[in-house]
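Chain and residue survey
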Number of protein chains: 2
Amino acid sequence: METRELRYFVAVAEELHFGRAALRLGMAQPPLSRAIARLERRLGTVLLERDSRGVALTGAGRVLLREGRTALEAVAAAEARTRRAGQPGLVLAAKAGASTDLLARLLAAYEAGPGAVPVDVRLCQYGEQGRLLRRGEVDVALLHLPFDSTAGLDTEELHTEGQVALLPAAHPLAARRELRLADLADLPDLPAPRYPRADGTHPDGPGPAIRDHAQLHQLIALGRTCAVLPESCRTQLRPDVTPVPVLDAPPVTAVLAWPPDSRSRPLAALLRAATGG
Amino acid sequence: METRELRYFVAVAEELHFGRAALRLGMAQPPLSRAIARLERRLGTVLLERDSRGVALTGAGRVLLREGRTALEAVAAAEARTRRAGQPGLVLAAKAGASTDLLARLLAAYEAGPGAVPVDVRLCQYGEQGRLLRRGEVDVALLHLPFDSTAGLDTEELHTEGQVALLPAAHPLAARRELRLADLADLPDLPAPRYPRADGTHPDGPGPAIRDHAQLHQLIALGRTCAVLPESCRTQLRPDVTPVPVLDAPPVTAVLAWPPDSRSRPLAALLRAATGG
DNA sequence: TACGGCGATGCCCGCCGGGTATCGCCGGGT
DNA sequence: ACCCGGCGATACCCGGCGGGCATCGCCGTA
């Protein structure tokens, strides 16, 4: 099975419409129909039920859609990782605005060490780092447990800290010396922010949909929401946002994560710098 | 990147010789050379260092070899799973000769249930089941903890039991009522069998290299080795092999394992039958 | 009944993947 | 020193296949 055939099938399976899929693929519809038919013949299986009104997936089609997507991801990751392995430099993914100081210290320590190569820091939206790692678009990512998943990745813990609530400076709770999570639950005037899920969509709810820290801080300053974040965010607060310790919030651990079996020489040096070795 | 190009590159990277790789691929050497050159041009990276005496991998080449193999495995698994999803029936992998009774009961229970489809039992060598699952060649496998790895698989525990030593009937230890692991360690006349590793190779040592139960039992009967196996193997012993309980051997758990996200209807029915539901 | 949307089919062409022959380079054997 | 042999690259040619255009067949709807 060629990746082109897989791309074609995935496009048709997602659109459930040969014409639209062909448009998406930048080709005409007839060769697409023929390519799918050939694929079905070679697999000895019907993948799509062509009803007079549209297209539906068969059981085998559903299997190939799921498996084909992961196979295409693996091929794309192989390509991206090889491309970057050909040129010097590391690419590190970090949430925009999170752990800025830790990251700065880490990069300074690494660049002071021997054999340092340029590090391209890719700031990304919440939850995007795992995807970038798996897709091979970055070499290493700065994640935060327990928020980010490290399933299938190798990790190195860097730092653990407590959390503070960020509140609009004018809010009554901002005057408190300390808070508990229960104090922040279901505040009608400060609905909880809706962070994106792994697939990039947002859960439903009354609060604002969040993409990155800058947006979150602005929404807090505007009195539209509040958030519970690691203490280290204190160093970069705007004056109209007030931090208050949350005693029972789970501690947050910053970790470096990278795909297994990918310990290149520059990555190893970065890990040495990170662990103070 | 097309899978054909990946296959070509992996062949050359494994052989480190264009001529032999072309032979393995069933093609002539010149088009292979051109395909690799084209791949390098498209990736913008040199993958192979063509020295006048032979071929060597560059750093990027090593990356593409590793990543490309997993990508090709993913494509092959997608193809195999789709092929089998198109036709009814389950394929179950089990070690040849292990847990025969448990397996028989499981299949009987499943086939007595409603909507049972034919189950093709694929008997395989030690440690082969995980590979078959990951390659998509079987739907579900009967594994034994702690011997087999279930990393990356969903599992359902079936049965836990103690272990017995299998000894040549004529051996002095065969007369004992019970044993400890230390009694069996480093016996000069019964060197420990060498079970295959995940990649199919055998560790070094004085004992015989083992592939399956039949071979193992025969070697025990011949007085060439001994083994520690789950108690249930008692039901299928030859008369010239004697079981003796091993008090401190770790208990063995038989588990059903299957790839995550692949709970088809027949597989779900099998799991129901397995858990007595 | 006529029309429109959609996938399949027929037909043609250009390109690319593959084969054969040969070259260029280098290292070793005599 | 020279020649030969092994190996990868290059030159050139060809056939098949992937893709485009036009059209058909089917069916649901107005």
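Since this is a predicted model, take the numbers as computed values, not measurements.

**A short note on the protein's contact with DNA strand C**
Taken together, 18 residues surround DNA strand C, and among them Ser33 and Arg50 of chain A together with Tyr8, Ala28 and Arg34 of chain B come closest. Sugar plus phosphate, as a fraction of atoms of DNA strand C within 4 Å of the protein: 65%. At 3.1 Å from a phosphate oxygen of DNA strand C is found a side-chain nitrogen or oxygen belonging to His17 of chain A. One of the side-chain nitrogen or oxygen atoms of Tyr8 of chain B is found 2.8 Å away from a phosphate oxygen of DNA strand C.

**Points about helix α3 (residues 29–43) of chain B**
Under the 1.5 Å per step criterion, the end-to-end length of α3 of chain B is 21 Å for 15 residues, consistent within 8% with the ideal 21 Å. Within two residues after α3 of chain B, Gly44 of chain B carries a phi angle of roughly 65°, on the positive side.

**Structural notes on helix α8 (residues 213–221) of chain B**
All names here are of chain B. Along α8, the residues that are buried comprise His213, Gln215, Leu216, His217, Leu219 and Ile220. Structurally, α8 contributes buried residues whose contacts are with β7 (163–168), β8 (227–230) and β9 (241–245). After α8 finishes, the residue Gly223 shows a positive phi value of roughly 75°.

**Re the pairing of strand β4 (residues 119–124) of chain B**
As defined by bridge partners, strand β3 (residues 90–95) of chain B adjoins β4 of chain B across six bridges and the pair is classed as parallel. Paired with Leu92 of chain B across the bridge in β4 of chain B is Val121 of chain B.

**A look at the domain arrangement of chain A**
Residues and elements named next belong to chain A. Per the domain assignment, the segments making up chain A are domain 1 (3–83), domain 2 (88–157 + 253–274) and domain 3 (163–246). Relative to domain 3, the C-alpha centre of domain 2 lies at a distance of 26 Å. If you look at the interface, domain 2 gives ten residues, while domain 3 gives eleven residues. Counting each side, the surface lost to burial between domain 2 and domain 3 is near 950 Å², with a carbon and sulfur contribution of 51%. For the domain 2 face of the interface with domain 3, the top three residues by lost area are Asp101, Gln125 and Tyr126, together amounting to 54%. Applying the counting criterion to the domain 2 and domain 3 interface returns zero salt bridges. One can count two residue pairs in polar contact (both at pLDDT 80 or more) joining domain 2 with domain 3. Among the residues forming the side of domain 2 that touches domain 3, the class breakdown is four nonpolar, three polar and three charged.

**Overview of the protein's contact with DNA strand D**
As a matter of local geometry, DNA strand D sits amid 18 residues, with Tyr8, Ala28 and Arg34 of chain A together with Ser33 and Arg50 of chain B nearest to it. Here DNA strand D approaches the protein such that, of its atoms within 4 Å, sugar and phosphate make up 66%. Ala28 of chain A is positioned with one of its backbone polar atoms (N or O) 2.8 Å from a phosphate oxygen of DNA strand D. For DNA strand D, a phosphate oxygen lies 3.2 Å from a polar atom in the backbone of Phe18 of chain B. Residue assignment for the surface near DNA strand D shows that the elements contributing at least two residues are α1 (3–15) and α3 (29–43) of chain A together with α2 (18–25) and α3 of chain B.

The rules behind these values
Residues numbered from 1 in each chain as written. Chains lettered and ligands numbered in written order. Predicted model: local features only at pLDDT ≥ 70, side-chain atom pairs only at ≥ 80, totals over all residues. Heavy atoms only, no water. Near = heavy atom within 4 Å. Polar contact = N/O pair within 3.5 Å; in protein donor to acceptor, adjacent residues only side chain to side chain. Helix = DSSP H or I, 4+ residues; strand = E, 2+ residues; numbered from the N terminus. Expected span 1.5 Å × (residues − 1). Buried < 20%, exposed > 50% of the residue type's maximum accessible area, 1.4 Å probe, protein only. Contact = heavy atoms within 4.5 Å. Pairing = 2+ DSSP bridges. Domains from an automatic or database assignment. Buried area = accessible area lost by both parts, 1.4 Å probe. Salt bridge = Lys/Arg side-chain N within 4 Å of Asp/Glu carboxyl O. Nonpolar A, V, L, I, M, F, W, Y, C, P; charged D, E, K, R; others polar.

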